Amino acid sequence: MFSLNEDKVIYEKFREKLEKFLNHLGSEFNSIRAGRANPKLLDKVMVDYYGTMTPINQMGNISAPDPRTIAVAVWDISQVREVVKAIQASDLGLTPSDDGKVIRLSVPQPTEERRVEFVKMTKKLAEDCRINMRNERRVAIDEFKSLKKDGKITEDDLETSEKEVQKILNTYSDKVDVMVAGKEKEILEV
């Protein structure tokens, strides 16, 4: 192996990018409804707050008091109607009810058909993540090829680097598989 710090920088940058993709996938998975009340379901809901689109989680406390209910306590009570409208407009399929102060969402058990849709959505998100990871692999390998072109590394070093980049990618791809299997199990659990 060559003794440049540039290789460590490339590997580290590659790992950081893959980690970001993994974290993003995790947050995407949190927004997929699995039949249990999860406050993260509302993370993507945006509310028109005095002309500014604001995430609902920045407008109040969101909690799951029981496995089938999500409660939203909006800090600015005058905005309860706007929050209700935003939830109804979202693609979550939840119907909000409010008492003027707290919005309650009953999370129904998804149908078998809906569960299959959620699994497909999960697999598509995972594949998108893998595609991004493979694109990042290409970027890392191109950086090593550039070092080879500049004469900073040999052909053997380039080959070793490509294998190491692939090994790192495989590790992260395995993590994606584990995340998908876990989410799929959660979705299909009755």
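Placed above this text is the structure.
Notes on the structure follow. Residue indices begin from 1 for each chain and proceed along its sequence in written order. Confidence filtering applies because this is a predicted model: local features only for residues at pLDDT of at least 70, side-chain atom pairs given and counted only at 80 or more, and all residues used for totals across whole chains, interfaces and linings. The side-chain numbers reported here are obtained from all heavy atoms of the structure, hydrogens and water having been left aside.

## A closer look at the overall build of the chain
Using the following cut-off: Helix and strand definitions here come from DSSP, where helices need a minimum of 4 consecutive H or I residues and strands a minimum of 2 consecutive E residues; each element is numbered from the N-terminal end. Between the two quantities, the radius of gyration covers C-alpha atoms and the globule rule is 2.2 Å times the number of residues to the power 0.38.
Within the chain, the secondary structure is distributed over four helices and six strands. Reading the chain from its N terminus to its C terminus gives the helix and strand order α-β-β-β-β-α-β-β-α-α. Taking 2.2 N^0.38 as the reference for a compact globule, 190 residues should give roughly 16 Å; the C-alpha atoms of the chain span a radius of gyration of 22 Å, well beyond that estimate. Projected onto the principal axes, the alpha-carbon positions of the chain cover approximately 70 × 40 × 25 Å.

## Some words on the pattern of salt bridges
The criterion, for reference: Each salt bridge in this description consists of a side-chain nitrogen of Lys or Arg and a carboxyl oxygen of Asp or Glu lying within 4 Å of one another. Each residue gets one of three labels from its accessible area relative to the maximum for its type: buried under 20%, exposed over 50%, partly exposed in between, using a 1.4 Å probe on protein chains only.
Evaluated as defined, the whole model comprises 16 salt bridges. Between Glu 127 and Arg 134 there is a salt bridge; the shortest N-O distance is 3.1 Å. Under the relative-accessibility criterion, Arg 134 is labelled partly exposed at 33%. As a salt-bridge pair, Lys 183 and Glu 186 come within 3.4 Å of each other at their nearest N and O atoms. Taken together, the residues span about one helical turn, with Lys 183 and Glu 186 both in helix 4 (residues 155-188) at a distance of three residues. Since its relative accessible area comes to 6%, Lys 183 is described here as buried. Judged by relative accessible area, Glu 186 falls into the partly exposed class, the value being 25%. Residues joined in a network through salt bridges with shared partners are Glu 127, Arg 130, Arg 134 and Asp 177.

## Focus: the sheet that holds strand 3 (residues 60-66)
Put simply, the rule is: A pair of strands is treated as paired once DSSP finds two or more bridges between them. Orientation is described by lines fitted to C-alpha atoms, with helices fitted over the stretch in contact, and by angles between N-to-C directions that extend from 0 to 180 degrees.
Spatially, the four strands line up as an open sheet ordered 3-4-6-5, and their pairing is antiparallel. Each edge of the open sheet is held by one strand with a lone partner, namely strand 3 and strand 5 (96-98). Averaged over all pairs of adjacent strands, the angle between their axes in this sheet comes to 25 degrees, without regard to strand direction. Where strand 5 meets strand 6 (residues 102-106), three bridges bridge the pair, whose relative direction is antiparallel.

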